[in-house]
Amino acid sequence: MTSLTSVAPVLQLRGISKAFTGVQALNGVSLNLYPGEVHTLMGQNGAGKSTLIKVLTGVHMPDKGQILLEGRAIRPASTLAAQNLGISTVYQEVNLCPNLSVAENIFIGRYPHKAGRIDWRCMSQQASTLLARLQVDIDVERPLASYPLAVQQMVAISRALLGSAKVLILDEPTSSLDDKEVELLFSVLRDLRQQGMAILFVTHFLDQTYAISDRITVMRNGEREGEYACSELSRVDLVNKMVGVPAAAAAAAQPTADVANDTVVAAGAKADGRLPIFLRTLGLGRHGSLAPVDLEVRKGELLGLAGLLGSGRTELARLLFGADKADGGKIAIHGVERQFAGPRDAIAVGIGFCSEDRKHEGAVLDLSVRENMMLALQTRMGILRAIPLKRQQQLAQHYVQALGIKTASIETPVGALSGGNQQKVLLARWLVTEPEMLILDEPTRGIDVRAKQEIMDYVANLCRKGMSILFISSELSEVLRVSDRIVVMRDRKTAGEYPRNALDESSVLQVIAAGASHA
Amino acid sequence: MSSLALRARASMASPYFTSLATVALLALLLGAGGAAYPGFLSLQVLLNLLIDNAFLLVIAVGMSFVIISGGIDLSVGSVLALTTMMAAWMVQVWHWPPLLAIAIVLSVGAGFGALMGAMIHYFKLQPFIVTLAGMFLARGLCYLISINSITIDQPLFVSMSQTQLPVLDGYLSPSALIALLTLAGAIYVAHCTPFGRAIYAVGGNQQSAQMMGLRVARTKVLIYAFSGFCAALSGVLFSFYMLSGYGLHAQGTELDAIAAVVIGGTLLSGGYGYVAGALSGVLVLGTIQTLIAFDGTLSSWWTKIVIGVLLFVFCVVQRALALGARR
Amino acid sequence: MPSLTLQRPAAAPKTGSLTMFLHHPLFRPVAALVLLLVLDLLLVPGFFHLEIKDGHLYGSLIDILNRAAPLILAALGMTLVIATRGIDISVGAVVAISATVASMLIGGTMVLQDGVPTYVANTPMVWALCAAMGAALLCGAWNGVLVAGLGLQPIVATLILMVAGRGLAQLFTDGQIVTVYYQPYFFLGSGYLFGLPFSLYLVGGVFALTALLMRKTALGLFIQTVGINPVAARLAGLRTALLIFFVYVFCSACAGLSGLIISANIKSADANNAGLLLELDAILAVTLGGTSLAGGKFSLVGSVVGALIIQTLTYTIYSLGLPPEINMVVKSVVVFLVCLSQSAEFKNMWRALRTRANANKGEAA
């Protein structure tokens with residue numbers, strides 16, 4: 001690793017700001033990237049990592065700030081421009097053409113020619129040589145799609161390196177890789193680092209960060225929280241910086257301490273285990289996304305799922321709802337074993353699911369607030385028994401008021417509402433079905449503080465009335481505040497289960513941050 | 001599983017498997033014909049396959065490019081008819097030199113295609129609906145020129161219609177030769193030039209192609225221009241064959257071309273397939289028709305049914321392979 | 001990172017009833033139809049002339065409505081398919097099949113009844129009609145299985161029937177045109193009930209039934225949801241496969257009924273030409289009526305208006321003595337314009353040009 005004091009940074013970001021209508025995505029972010037280092041960019045969803053990468057690679061133009069490449073200011077206007085300048089990016093989805101051969105994917109746009117025709121043999125040879133440098137030995141003439149994602153990423157990296165790249169950006173490359181493949185990728189990165197390449201590595205996996213990084217930049221809420229040498233930052237500190245409560249917010253959260261005390265009392269009563277179990281899983285898992293999980297959710301309990309992004313929380317939620325099919329294990333509702341062939345079955349036994357991706361998986365944007373709210377209830381009632389319009393209007397109005405949804409009318413298309421109000425509409429969709437258990441996956445992400453408060457208070461109230469809630473959130477303070485019990489997840493399996501008063505924030509952080517056996 | 005079985009499984013999962021299946025099918029059909037009917041496997045019968053379907057081959061070549069890039073072109077049959085009408089009008093009514101007329105109609109075809117390609121790319125319209133409207137437009141323009149057919153008796157056209165190029169014991173028409181040359185040219189472009197590879201890239205993943213720096217806009221517009229050019233060229237060949245310009249020419253030819261391309265092994269979803277598949281697909285269609293003609297007892301609409309069945313088999317097989325590959 | 005580029009930005013409802021009227025999705029198609037009718041009023045003498053003749057209403061308007069009946073039916077069926085992001089190009093082939101089945105089963109043999117030569121049907125008309133509709137339903141089920149069950153692209157799946165269907169129809173008829181002699185059959189196409197063409201009652205009935213189904217059951221909501229966001233639809237518990245299967249069956253059923261009306265009208269079944277290009281007209285009618293090809297919200301009334309526009313256009317061109325081929329040119333131009341108006345990129349370009357023009361005007365001023 002090069003000594004940072006003696007070498008000039010190859011890439012500098014100074015005060016980058018970028019706003020989209022009404023939301024400040026990046027606020028004065030600065031970053032220094034040196035040759036011969038692996039610099040990891042960390043942060044939860046919504047922290048601004050992907051926006052920063054998009055600014056670097058020319059997808060977005062910054063409102064303020066400068067990008068300096070080897071001391072010269074640059075303003076890449078497209079991904080191609082960024083590539084030509086020497087900033088090469090490898091994305092999570094690889095962004096190559098699956099139908100073309102490996103060799104072709106590496107060389108497309110810069111084919112070797114012979115007598116006016118593409119020289120296929122030369123191309124194959126060169127491709128093999130390039131891949132050999134990354135310790136990959138494959139038949140370069142087979143279509144890219146016939147290889148697993150890990151190999152495809154190596155091909156993407158080869159392509160990136162072909163154009164005399166100065167900076168290599170890897171945007172969440174390991175989300176779909178298993179441990180062996182990750183190790184292979186890392187050994188390649190270490191070689192490149194030794195050859196002087198400046199590598200910007202974006203991830204949310206703790207263990208990987210500590211395995212490969214020289215320095216870490218933590219982002220939070222669009223700002224750079226700090227830049228640290230990897231060896232100087234403990235895991236707990238890192239997690240704290242990513243999801244912990246900043247001092248100011250902790251003070252502001254005081255007024256809710258009374259509510260927290262109430263729930264402590266209530267939780268005490270619930271924690272004696274006399275409440276019936278609503279849902280129980282035994283070894284529920286899915287190959288590649290979740291290790292077998294044993295879980296219990298009691299009636300009227302608010303179970304919080306804590307953990308970092310990628311720890312398997314959403315995967316678990318989807319399995320519980322039948323949105324994904326489990327490979328193994330059982331689910332029992334009220335003691336009766338059930339098979340969920342799809343969400344329909346879960347809805348039939350009284351489970352509701354508010355997805356974290358409300359834009360793509362939740363909101364039906366062109367339909368009205370009323371229609372969006374009635375959707376799940378209507379599917380449960382079947383096609384023939386349409387809910388009478390009057391009743392629909394009644395229910396819709398009720399929830400607009402109860403949840404404080406800001407909309408011109410219940411006939412307004414949901415697409416016209418703000419993110420927070422859309423979220424409330426989706427919440428109402430499930431509340432209307434009066435479920436026995438409601439799974440909420442990041443229900444407060446990207447929502448303003450007041451709306452957050454309103455939603456969480458409403459949810460806590462529901463629990464007191466007997467509804468079970470599985471609450472997933474990246475905001476630890478939130479999870480701690482409202483949950484009766486917390487299950488911590490890490491690396492796609494459960495890492496611990498704790499009743500409410502057994503935990504405070506720092507202990508949860510410890511559990512989350514505790515290194516896995518394979519580092 | 002033994003390595004042989006593994007290799008067999010792998011090659012079956014390859015999207016190019018259906019191209020091989022077509023060639024096998026063609027051999028099967030020809031073999032069956034040869035066994036059932038005397039004189040079926042004679043040289044001239046086989047050459048007639050090329051002569052009678054030369055125009056379809058040219059259209060199928062253009063259609064291959066479009067389909068490989070992930071699009072579709074429903075206007076080709078109508079552009080063919082329009083071409084025959086325009087050429088007939090220019091040559092018979094205005095007495096323009098035939099080569100000039102041919103040059104003009106080829107440019108018009110290419111321009112028409114380029115316009116549709118531009119609309120599809122820049123305004124992000126669906127190729128299906130844009131080329132559908134183009135189909136209406138071309139056919140309508142054709143009728144506007146003349147509702148009746150115009151017979152062509154211009155010497156160049158007539159000579160092209162009647163010339164027989166000797167091949168071994170039989171003969172080939174100049175149209176068939178032109179069609180084969182077009183096919184050869186297209187195969188060269190598809191496999192040896194960056195433009196051809198860009199077509200495959202766009203069909204595989206247009207967004208990735210854009211991010212990899214390929215000039216997607218230019219590629220797409222050129223693809224549709226080429227398809228229009230092929231439709232026009234096919235029209236020229238058709239006018240040699242029929243010696244007339246007529247609005248009712250080539251009704252449904254676009255469907256035949258699509259069927260030929262799909263049966264030839266190109267996936268309708270784009271990105272996979274060989275341009276040479278156009279030839280095997282057209283030959284399969286032609287052989288089926290010849291078989292039915294030789295039989296004499298089967299009505300000609302059995303062709304449509306058989307083509308429909310073949311389409312079904314190929315599409316379902318392609319789909320099953322795609323699903324199986326995902327597991 | 002909250003992304004704020006919504007997929008389909010929906011305009012908030014503006015105040016003022018005039019603006020609401022102008023922005024109503026049906027405004028443009030109805031305005032286009034009115035425009036056409038006004039043109040007819042001015043250019044075609046006696047266009048709006050209605051009279052009672054032979055006990056029924058008679059006039060150009062009635063003629064248009066009568067001829068539009070098969071297209072309206074096909075457009076109604078096509079609307080639901082398009083709403084689920086699909087397409088059905090086999091409609092014409094289904095028309096040919098149903099027309100053929102009915103015509104062949106009914107036919108008509110001359111028989112002497114009380115000394116008067118009359119035609120009797122080869123098969124009781126009721127059974128023949130059932131058989132024809134049954135064939136149409138089978139076609140729809142075929143398409144539905146391919147799209148919903150096998151997951152084939154709709155255009156690929158329906159292409160198969162489009163190619164093979166006509167061949168099947170020709171197979172039934174041996175390539176001949178089947179003439180029907182049985183009098184009661186003609187009633188479907190050219191009969192009159194209470195002064196109005198019977199086909200209108202059929203169309204009205206199907207329209208009412210469909211509208212009722214969409215409103216009074218949850219079908220309308222479900223179909224729209226599947227078209228707008230199929231992922232969300234599944235997560236909300238919808239049986240998307242079943243819904244998609246249903247819309248293809250429905251579309252073919254409408255096509256089957258169209259086939260019966262068409263063959264009753266021309267008293268024969270021509271497997272080659274019956275319903276030729278009907279699917280294209282149906283798609284055009286649906287698009288004109290405001291339903292987007294990308295699926296989602298749909299308008300049955302819009303599709304009816306769209307079909308009427310096409311039929312009125314045909315009639316106007318004919319009445320004006322213009323060559324009927326202009327029809328095709330006009331249709332294609334209309335399709336282009338409608339597609340452009342539905343394209344976000346085009347609207348952006350248009351807006352950019354307008355602001356630049358205004359800026360230039362402002363500078364010049």
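Residues numbered from 1 in each chain as written. Chains lettered and ligands numbered in written order. Predicted model: local features only at pLDDT ≥ 70, side-chain atom pairs only at ≥ 80, totals over all residues.

Enquirer: Is there a simple way to explain the overall build of chain B in this structure?
Expert: Looking only at helices and strands, chain B has 15 helices and four strands in total. Expected size for 327 residues packed as a compact globule is a radius of gyration near 20 Å; at 20 Å, chain B falls within 12% of this value. Considering only C-alpha atoms, chain B reaches an extent of 70 × 55 × 35 Å along its principal axes. Buried residues in chain B amount to 57% of all 327 residues. (Helix = DSSP H or I, 4+ residues; strand = E, 2+ residues; numbered from the N terminus. Rg over C-alpha atoms; globule rule 2.2 N^0.38 Å. Buried ≥ 20, exposed ≤ 12 C-beta atoms within 10 Å, placed from the backbone.)

Enquirer: Got a minute to help me understand the overall build of chain C in this structure?
Expert: Looking only at helices and strands, one finds 15 helices and eight strands in chain C. Projected onto its principal axes, the C-alpha coordinates of chain C cover approximately 90 × 55 × 35 Å. For chain C, the residues scored as buried account for 48% of the 365 residues in total. When contacts within chain C are restricted to residue pairs at least 6 apart in sequence, those whose partners lie at least 24 apart make up 76%. (Contact = placed C-beta atoms within 7 Å.)

Enquirer: I keep staring at the interface of chain A and chain B and nothing clicks. Help me out?
Expert: Frequently, the measure chosen for interface size is the accessible area removed from exposure when the parts meet. Of the residues lining the interface, 15 residues belong to chain A; the matching set on chain B comes to 17 residues. Secondary structure elements with two or more residues in the side of chain A that touches chain B: α2 (79–85) and β8 (117–118) of chain A. Looking at side-chain class alone, the side of chain A that touches chain B contains eight nonpolar, five polar and two charged residues. (Nonpolar A, V, L, I, M, F, W, Y, C, P; charged D, E, K, R; others polar.)

Enquirer: Help me understand the sheet that holds strand β13 (residues 277–286) of chain A, please; the structure alone is not making it clear to me.
Expert: Strand pairing in a sheet relies on backbone hydrogen bonds. The paired strands run either parallel or antiparallel. Residues and elements named next belong to chain A. Pairing is antiparallel in the open sheet, where four strands are placed in the order β14-β13-β16-β17. Strands with a single pairing partner mark the edges of an open sheet, and in this sheet they are β14 (290–298) and β17 (336–338). The sheet shows a mean angle of 20 degrees between the axes of neighbouring strands, direction not considered. With six bridges joining them, β13 and β14 adopt antiparallel strand pairing. Bridge pairing links Arg286 to Leu290 in β14. Across the sheet, helix α11 (residues 313–321) lies against β13, β14 and β16 (328–333), angled at about 65 degrees from β14, the strand it touches most. (Pairing = 2+ DSSP bridges. Axes fitted to C-alpha atoms, helices over the stretch in contact; angles between N-to-C directions.)

Enquirer: Can you walk me through the interface of chain B and chain C in this structure?
Expert: Residue-level contacts link 37 residues of chain B with 34 residues of chain C. At the level of elements, α7 (127–145), α13 (253–263) and α15 (302–326) of chain B are the ones that each hand at least two residues to the side of chain B that touches chain C. When residues of the side of chain B that touches chain C are assigned to their parent elements, the largest contribution, 13 residues, is made by α7(B). Per-class residue counts for the side of chain B that touches chain C are 27 nonpolar, six polar and four charged.

Enquirer: Sorry if this is basic, but what is going on with unusual backbone geometry here?
Expert: Both trends apply: most residues other than glycine have a negative phi, and most peptide bonds are in trans. Residues and elements named next belong to chain A. Look at Glu172: it is not a glycine, yet its phi comes out positive at around 50 degrees. You can call Glu172 buried: it has 21 C-beta atoms within 10 Å. Even without being a glycine, His334 presents a positive backbone phi close to 50 degrees. One can find His334 in the loop between β16 and β17.

Enquirer: Which parts of the structure should I look at to understand the environment of Gly352(A)?
Expert: All names here are of chain A. Of note, Gly352 is situated in strand β18 (residues 351–354). Linking Gly352 and Arg481, residues 129 residues apart in sequence, is a C-alpha distance of 22 Å. If we ignore the near neighbours within four places in the chain, the residues touching Gly352 are Ile347, Ala376, Trp430, Thr433, Pro435, Leu438 and Ile439.

Enquirer: What am I meant to see in helix α6 (residues 98–122) of chain B here?
Expert: Given 3.6 residues per turn, any residue in an α-helix points the same way as the ones three and four places further on. A rise of 1.5 Å per residue sets the reference length of α6(B), with its 25 residues, at 36 Å; its end C-alpha atoms lie 36 Å apart and thus fit the reference within 8%. At the C-terminal side of α6(B), Lys124(B) shows a positive phi close to 50 degrees. (Expected span 1.5 Å × (residues − 1).)

Enquirer: Help me out: how do you make sense of the confidence of the model for chain C in this one?
Expert: Caution is warranted with low-pLDDT regions, since their predicted coordinates should not be read in detail. When pLDDT is averaged along chain C, the result is 85, and 95% of the positions lie at 70 or above. For chain C, helix α1 (residues 17–23) of chain C is the element with the lowest average pLDDT, namely 71, and helix α9 (residues 219–228) of chain C is the one with the highest, namely 94. (pLDDT = per-residue confidence, 0-100.)

Enquirer: Explanation requested: the environment of Ala176(B) in the structure shown.
Expert: Residue and element names in this part refer to chain B. Within the secondary structure, Ala176 is located in helix α9 (residues 174–192). In this structure the C-alpha to C-alpha distance between Ala176 and Phe314, which are 138 residues apart in sequence, comes to 27 Å. In this structure Ala176 touches Leu50, Ile51 and Ala54, once residues within four positions along its chain are discounted.

Enquirer: What is the right way to read helix α16 (residues 419–432) of chain A from this model?
Expert: Residue and element names in this part refer to chain A. Compared with an ideal rise of 1.5 Å per residue, which puts 14 residues at 20 Å, α16 spans 20 Å between its outermost C-alpha atoms and is within 8% of the ideal. Among the 14 residues in α16, 14 count as buried, and that is most of the element. Backbone geometry just downstream of α16 places Glu434 in the positive-phi region, at approximately 45 degrees.

Enquirer: What is the right way to look at the packing of helix α8 (residues 155–162) of chain B against helix α12 (residues 216–242) of chain B in this model?
Expert: A packed helix pair is summarised by two numbers, namely the angle formed by the two axes and the spacing between the axes. Residues and elements named next belong to chain B. Relative orientation of the contacting elements α8 and α12 amounts to 80 degrees, with a least axis distance of 7 Å. Taken together, the axes of α8 and α12 are roughly perpendicular relative to one another. Where α8 abuts α12, its residues Phe157, Met160 and Ser161 lie against Ser239, Phe240 and Tyr241. Here the residues of the contact of α8 with α12 are counted per class, giving four nonpolar, two polar and no charged. (Parallel < 35°, antiparallel > 145°, perpendicular 65-115°, else oblique.)

Enquirer: For this particular structure, what's the right way to read the packing of helix α14 (residues 369–381) of chain A against helix α15 (residues 389–403) of chain A?
Expert: Residue and element names in this part refer to chain A. α15 packs onto α14 with a crossing angle of 100 degrees between their chain directions and a minimal axis gap of 9 Å. Compared by their axis directions, α14 and α15 come out roughly perpendicular. Contact residues: Val369, Arg370, Met373 and Met374 in α14; Gln392, Gln393, Leu395, Ala396 and Tyr399 in α15. Grouping the amino acids of the contact of α14 with α15 by side-chain chemistry returns six nonpolar, two polar and one charged.

Enquirer: When you look at the sheet that holds strand β10 (residues 198–202) of chain A in this model, what are you seeing that I'm missing?
Expert: Residues and elements named next belong to chain A. Ordered in space as β6-β9-β10-β3-β11-β12, the six strands form an open sheet in which the pairing is mixed. The sheet is open, and its two edges are formed by β6 (87–90) and β12 (223–229), each paired on a single side. The sheet shows a mean angle of 20 degrees between the axes of neighbouring strands, direction not considered. Here strand β11 (residues 215–220) runs beside β12; their pairing, made up of six bridges, is antiparallel. Each residue of the ladder has a partner; that of Arg215, found in β12, is Ala229. Across the sheet, helix α5 (residues 149–162) lies against β6 and β9 (167–171), angled at about 170 degrees from β6, the strand it touches most.

Enquirer: Honestly, the pairing of strand β21 (residues 485–490) of chain A in this entry has me stumped. Any pointers?
Expert: It is a general feature of regular strands that their side chains alternate between the two faces of the sheet. Residues and elements named next belong to chain A. Burial analysis of β21 places six of its six residues in the buried class, which makes it a mostly covered element. Taking every second residue as pointing to the same face, both faces of β21 are buried, with Arg485, Val487 and Met489 on one and Ile486, Val488 and Arg490 on the other. Sheet topology places strand β15 (residues 302–306) next to β21; four bridges connect them, and they run parallel. The residue of β21 that forms the bridge with Gly304 is Ile486. Bridging between β21 and strand β22 (residues 493–499) involves six bridges; their strand directions are antiparallel. For Val488, the partnering residue across the bridge sits in β22 and is Gly496. What sits between β21 and β22 in their antiparallel hairpin is a turn of two residues, with Asp491 showing a positive phi close to 55 degrees.

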